[in-house]
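Architecture and fold: a report
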Amino acid sequence: PYAVATINRVLALLKTINKQAYKLIDAPFIANKVSLLKEDNVRTGYLSESQLKEFIGHSLDYPDRQMGAFLALLFLTGLRDKELRFRLWDEVNWEEQTLTIPHTKNGSSHIIYLSDYMIQILESLPKVSNNPYLFAGRHKGKPISPARHALKSIKLKMGLPDIPGDKANITLHSARHTVGSLLASQGVPLHDIAKQLNHKDLSSSRRYAKLTVGRQREIGSRLSEMVTAKPEVRWE
(Lines give C-alpha, C1' and ligand atoms only; values in the text may rest on other atoms or scores of the structure.)
Protein backbone atom coordinates (compact mmCIF):
# COMPACT_ATOMS: atom_id res chain seq x y z
CA PRO A 1 0.00 0.00 0.00
CA TYR A 2 3.03 2.33 0.19
CA ALA A 3 4.63 4.33 -2.61
CA VAL A 4 8.10 3.34 -3.75
CA ALA A 5 9.55 6.65 -2.54
CA THR A 6 8.08 6.07 0.92
CA ILE A 7 9.54 2.56 1.09
CA ASN A 8 12.94 3.91 0.03
CA ARG A 9 12.93 6.51 2.80
CA VAL A 10 12.32 3.78 5.37
CA LEU A 11 15.02 1.57 3.84
CA ALA A 12 17.47 4.47 3.85
CA LEU A 13 16.78 5.09 7.53
CA LEU A 14 17.29 1.42 8.42
CA LYS A 15 20.50 1.29 6.37
CA THR A 16 21.82 4.33 8.26
CA ILE A 17 20.92 2.81 11.64
CA ASN A 18 22.64 -0.47 10.71
CA LYS A 19 25.75 1.40 9.52
CA GLN A 20 25.99 3.34 12.78
CA ALA A 21 25.43 0.18 14.83
CA TYR A 22 28.26 -1.47 12.91
CA LYS A 23 30.57 1.42 13.71
CA LEU A 24 29.62 1.75 17.37
CA ILE A 25 29.03 -1.80 18.60
CA ASP A 26 30.36 -3.94 15.76
CA ALA A 27 26.88 -5.23 14.86
CA PRO A 28 26.63 -7.28 11.65
CA PHE A 29 26.49 -4.94 8.67
CA ILE A 30 23.96 -6.45 6.30
CA ALA A 31 22.13 -3.31 5.13
CA ASN A 32 24.67 -2.76 2.38
CA LYS A 33 23.25 -5.86 0.69
CA VAL A 34 19.80 -4.28 0.47
CA SER A 35 19.25 -2.03 -2.55
CA LEU A 36 16.75 0.78 -2.78
CA LEU A 37 13.82 0.19 -5.10
CA LYS A 38 13.82 1.84 -8.48
CA GLU A 39 11.77 5.01 -8.45
CA ASP A 40 9.84 6.19 -11.45
CA ASN A 41 7.67 8.84 -9.88
CA VAL A 42 8.64 11.87 -11.95
CA ARG A 43 5.49 13.82 -12.70
CA THR A 44 5.45 15.68 -15.96
CA GLY A 45 1.79 16.63 -16.26
CA TYR A 46 1.31 20.35 -16.83
CA LEU A 47 -0.86 22.74 -18.80
CA SER A 48 0.25 24.66 -21.86
CA GLU A 49 -0.31 28.40 -22.07
CA SER A 50 -3.55 28.02 -24.04
CA GLN A 51 -4.73 25.23 -21.74
CA LEU A 52 -4.03 27.37 -18.68
CA LYS A 53 -6.20 30.15 -20.08
CA GLU A 54 -9.02 27.68 -20.71
CA PHE A 55 -8.52 26.11 -17.30
CA ILE A 56 -8.78 29.47 -15.53
CA GLY A 57 -11.97 30.23 -17.45
CA HIS A 58 -13.61 26.96 -16.41
CA SER A 59 -12.44 27.43 -12.83
CA LEU A 60 -14.07 30.84 -12.60
CA ASP A 61 -17.26 29.37 -14.07
CA TYR A 62 -17.33 26.48 -11.58
CA PRO A 63 -20.57 26.41 -9.54
CA ASP A 64 -18.75 26.21 -6.21
CA ARG A 65 -17.11 29.63 -6.00
CA GLN A 66 -14.64 28.61 -3.30
CA MET A 67 -13.43 25.56 -5.22
CA GLY A 68 -13.20 27.44 -8.51
CA ALA A 69 -11.25 30.37 -7.09
CA PHE A 70 -8.93 27.98 -5.29
CA LEU A 71 -8.08 26.10 -8.49
CA ALA A 72 -7.55 29.30 -10.46
CA LEU A 73 -5.14 30.69 -7.87
CA LEU A 74 -3.42 27.35 -7.40
CA PHE A 75 -2.47 27.26 -11.08
CA LEU A 76 -1.51 30.94 -11.14
CA THR A 77 0.79 30.79 -8.10
CA GLY A 78 2.23 27.28 -8.24
CA LEU A 79 1.65 26.79 -4.54
CA ARG A 80 1.19 23.36 -3.00
CA ASP A 81 -2.39 22.31 -2.31
CA LYS A 82 -2.28 22.68 1.48
CA GLU A 83 -0.17 25.83 1.33
CA LEU A 84 -3.01 27.62 -0.45
CA ARG A 85 -6.04 25.76 0.85
CA PHE A 86 -5.29 26.55 4.51
CA ARG A 87 -4.63 30.26 4.06
CA LEU A 88 -6.40 32.76 6.29
CA TRP A 89 -7.91 36.14 5.51
CA ASP A 90 -5.53 37.90 7.89
CA GLU A 91 -2.55 36.48 5.96
CA VAL A 92 -3.41 38.70 2.99
CA ASN A 93 -1.85 42.15 2.95
CA TRP A 94 -4.14 44.04 0.61
CA GLU A 95 -1.99 47.17 0.46
CA GLU A 96 1.20 45.27 -0.35
CA GLN A 97 -0.69 42.65 -2.41
CA THR A 98 1.01 39.75 -0.70
CA LEU A 99 -0.02 36.42 0.75
CA THR A 100 2.11 35.09 3.61
CA ILE A 101 2.51 31.37 4.22
CA PRO A 102 3.96 31.03 7.75
CA HIS A 103 5.04 27.40 7.42
CA THR A 104 5.77 25.58 4.17
CA LYS A 105 6.76 22.00 3.41
CA ASN A 106 10.45 22.82 3.63
CA GLY A 107 10.02 24.43 7.05
CA SER A 108 10.36 28.07 6.06
CA SER A 109 7.89 30.88 5.59
CA HIS A 110 7.09 32.12 2.09
CA ILE A 111 5.58 35.27 0.61
CA ILE A 112 3.60 35.22 -2.63
CA TYR A 113 3.30 38.51 -4.49
CA LEU A 114 -0.20 38.73 -5.89
CA SER A 115 -1.01 40.27 -9.25
CA ASP A 116 -3.98 42.59 -9.71
CA TYR A 117 -5.82 39.67 -11.31
CA MET A 118 -5.18 37.42 -8.32
CA ILE A 119 -6.39 40.16 -5.99
CA GLN A 120 -9.54 40.47 -8.09
CA ILE A 121 -10.22 36.75 -7.66
CA LEU A 122 -9.70 36.96 -3.89
CA GLU A 123 -11.95 40.01 -3.62
CA SER A 124 -14.73 38.06 -5.35
CA LEU A 125 -14.82 35.57 -2.47
CA PRO A 126 -17.37 36.21 0.27
CA LYS A 127 -16.24 36.12 3.88
CA VAL A 128 -18.08 33.37 5.73
CA SER A 129 -19.12 34.14 9.28
CA ASN A 130 -16.96 32.41 11.92
CA ASN A 131 -14.64 30.99 9.27
CA PRO A 132 -11.10 32.45 9.06
CA TYR A 133 -10.16 30.67 5.82
CA LEU A 134 -9.98 32.32 2.40
CA PHE A 135 -11.54 29.23 0.86
CA ALA A 136 -14.23 28.44 3.39
CA GLY A 137 -15.57 24.89 3.42
CA ARG A 138 -19.05 23.64 4.14
CA HIS A 139 -18.14 22.59 7.66
CA LYS A 140 -18.11 25.36 10.23
CA GLY A 141 -14.69 26.89 10.73
CA LYS A 142 -13.00 24.59 8.20
CA PRO A 143 -11.40 25.18 4.78
CA ILE A 144 -12.55 23.47 1.61
CA SER A 145 -11.65 19.83 1.08
CA PRO A 146 -9.12 18.93 -1.66
CA ALA A 147 -10.58 20.09 -4.96
CA ARG A 148 -10.13 16.79 -6.77
CA HIS A 149 -13.76 16.47 -7.90
CA ALA A 150 -13.76 20.03 -9.25
CA LEU A 151 -10.46 19.38 -11.04
CA LYS A 152 -11.82 16.19 -12.57
CA SER A 153 -14.94 18.04 -13.76
CA ILE A 154 -12.87 20.79 -15.40
CA LYS A 155 -10.57 18.26 -17.08
CA LEU A 156 -13.66 16.58 -18.53
CA LYS A 157 -14.84 19.89 -19.99
CA MET A 158 -11.40 20.47 -21.48
CA GLY A 159 -11.23 16.98 -22.94
CA LEU A 160 -8.20 16.08 -20.83
CA PRO A 161 -7.83 12.42 -19.84
CA ASP A 162 -8.14 11.40 -16.22
CA ILE A 163 -5.74 8.47 -15.84
CA PRO A 164 -4.43 8.07 -12.28
CA GLY A 165 -0.76 7.16 -12.25
CA ASP A 166 -0.14 8.37 -15.79
CA LYS A 167 2.78 10.78 -15.98
CA ALA A 168 0.85 13.22 -18.15
CA ASN A 169 -2.22 13.24 -15.90
CA ILE A 170 -3.15 16.66 -14.55
CA THR A 171 -3.35 16.64 -10.76
CA LEU A 172 -3.39 19.34 -8.09
CA HIS A 173 0.39 19.09 -7.96
CA SER A 174 0.49 19.87 -11.70
CA ALA A 175 0.00 23.50 -10.72
CA ARG A 176 3.67 23.61 -9.70
CA HIS A 177 4.82 21.97 -12.93
CA THR A 178 2.63 24.34 -14.95
CA VAL A 179 4.03 27.46 -13.31
CA GLY A 180 7.60 26.18 -13.52
CA SER A 181 7.40 25.12 -17.16
CA LEU A 182 5.60 28.25 -18.39
CA LEU A 183 7.92 30.61 -16.54
CA ALA A 184 10.89 28.71 -18.01
CA SER A 185 9.39 29.04 -21.49
CA GLN A 186 9.29 32.80 -20.93
CA GLY A 187 13.00 32.85 -20.18
CA VAL A 188 12.70 33.30 -16.40
CA PRO A 189 16.00 32.09 -14.83
CA LEU A 190 15.99 28.82 -12.93
CA HIS A 191 16.86 30.42 -9.59
CA ASP A 192 13.97 32.89 -9.97
CA ILE A 193 11.57 30.02 -10.61
CA ALA A 194 12.96 28.26 -7.54
CA LYS A 195 12.22 31.37 -5.48
CA GLN A 196 8.65 31.53 -6.76
CA LEU A 197 8.04 27.85 -6.03
CA ASN A 198 9.92 28.00 -2.71
CA HIS A 199 12.28 25.15 -3.56
CA LYS A 200 14.69 24.48 -0.73
CA ASP A 201 17.39 22.31 -2.24
CA LEU A 202 18.14 23.84 -5.62
CA SER A 203 21.89 24.22 -5.18
CA SER A 204 22.26 26.66 -8.07
CA SER A 205 19.95 29.14 -6.32
CA ARG A 206 22.24 29.48 -3.31
CA ARG A 207 24.92 31.33 -5.25
CA TYR A 208 22.59 34.21 -6.10
CA ALA A 209 21.57 37.15 -3.95
CA LYS A 210 17.99 37.42 -2.74
CA LEU A 211 15.54 38.78 -5.27
CA THR A 212 14.33 42.31 -4.86
CA VAL A 213 10.66 42.80 -4.02
CA GLY A 214 10.12 44.43 -7.41
CA ARG A 215 11.54 41.42 -9.21
CA GLN A 216 9.44 39.00 -7.15
CA ARG A 217 6.33 41.00 -8.02
CA GLU A 218 7.22 40.82 -11.71
CA ILE A 219 7.62 37.04 -11.57
CA GLY A 220 4.42 36.64 -9.55
CA SER A 221 2.48 38.54 -12.20
CA ARG A 222 4.01 36.80 -15.21
CA LEU A 223 1.41 34.04 -15.49
CA SER A 224 -1.49 36.44 -15.02
CA GLU A 225 -0.13 38.50 -17.90
CA MET A 226 0.46 35.35 -19.93
CA VAL A 227 -3.22 34.47 -19.77
CA THR A 228 -4.08 37.22 -22.27
CA ALA A 229 -7.69 38.42 -22.46
CA LYS A 230 -8.01 36.95 -18.99
CA PRO A 231 -11.30 35.24 -18.12
CA GLU A 232 -13.45 37.64 -16.18
CA VAL A 233 -14.38 37.02 -12.57
CA ARG A 234 -18.13 36.80 -13.05
CA TRP A 235 -19.41 35.61 -9.70
CA GLU A 236 -21.96 37.86 -8.04
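Source: prediction; values computed, not measured.

In this section: the pattern of salt bridges. In total, this model carries 6 salt bridges according to the counting rule given. Residue Arg85 is joined to Asp81 by a salt bridge in which the shortest nitrogen-to-oxygen separation is 3.1 Å. Residue Arg85 and its partner Asp81 are both found in helix α4 (residues 81-85); the two are separated by 4 residues, about one turn of the helix. Each member of the pair, Arg85 as well as Asp81, is classed as buried. Lys152 is the salt-bridge partner of Asp162, the closest N and O atoms lying 3.8 Å from each other. One end of the pair, Asp162, is in the loop between α6 (148-158) and α7 (174-185); the other, Lys152, is in helix α6, and 10 residues separate them in sequence.

Attention shifts here to the sheet that holds strand β3 (residues 110-113). Pairing is antiparallel across the open sheet formed by 3 strands, whose spatial order is β1-β2-β3. With partners counted over all chains shown, the strands left at the sheet margins are β1 (92-93) and β3, one partner each. Bridge count between strand β2 (residues 98-101) and β3: 4 bridges; the pairing is antiparallel. Among the inter-strand pairings, Thr98 is bridged to a residue of β3, identified as Tyr113.

This paragraph deals with the environment of Ala150. Take Ala150: it is sitting in helix α6. Separated by 86 residues in the primary sequence, Ala150 and Asp64 have C-alpha atoms spaced 8.5 Å apart. Other than its neighbours up to four places away in sequence, Ala150 contacts Tyr62, Met67 and Leu71.

Ranked by internal contacts, the top residues of the largest apolar core, which has 51 residues, are Phe55, Leu71, Ile121 and Phe135. Only α2 (49-61), α3 (65-77), β2, α5 (116-123), α6, α7, α8 (190-197) and α9 (213-226) provide two or more residues apiece to this core. Discounting residues that sit within four places of it in the chain, Ile121 has contacts with Leu60, Ala69, Ala72, Leu73, Leu76 and Val233.

Attention now moves to the packing of aromatic side chains. Using the criterion set out here, one finds 5 aromatic pairs in the structure. Between Phe70 and Phe135, the ring centres sit 5.5 Å apart and the planes meet at 80°, which makes this aromatic pair edge-to-face. With Phe70 in helix α3 and Phe135 in the loop between α5 and α6, the pair connects residues that are 65 residues apart, well separated along the chain. By relative accessible area, Phe70 is classed as buried at 0%.

Thresholds, definitions, all that
Residues numbered from 1 in each chain as written. Predicted model: local features only at pLDDT ≥ 70, side-chain atom pairs only at ≥ 80, totals over all residues. Heavy atoms only, no water. Salt bridge = Lys/Arg side-chain N within 4 Å of Asp/Glu carboxyl O. Helix = DSSP H or I, 4+ residues; strand = E, 2+ residues; numbered from the N terminus. Buried < 20%, exposed > 50% of the residue type's maximum accessible area, 1.4 Å probe, protein only. Pairing = 2+ DSSP bridges. Contact = heavy atoms within 4.5 Å. Core = buried A, V, L, I, M, F, W, Y, C linked by side-chain atoms within 4.5 Å. Phe/Tyr/Trp six-rings, centres within 6.5 Å; stacked < 30°, edge-to-face > 60°.

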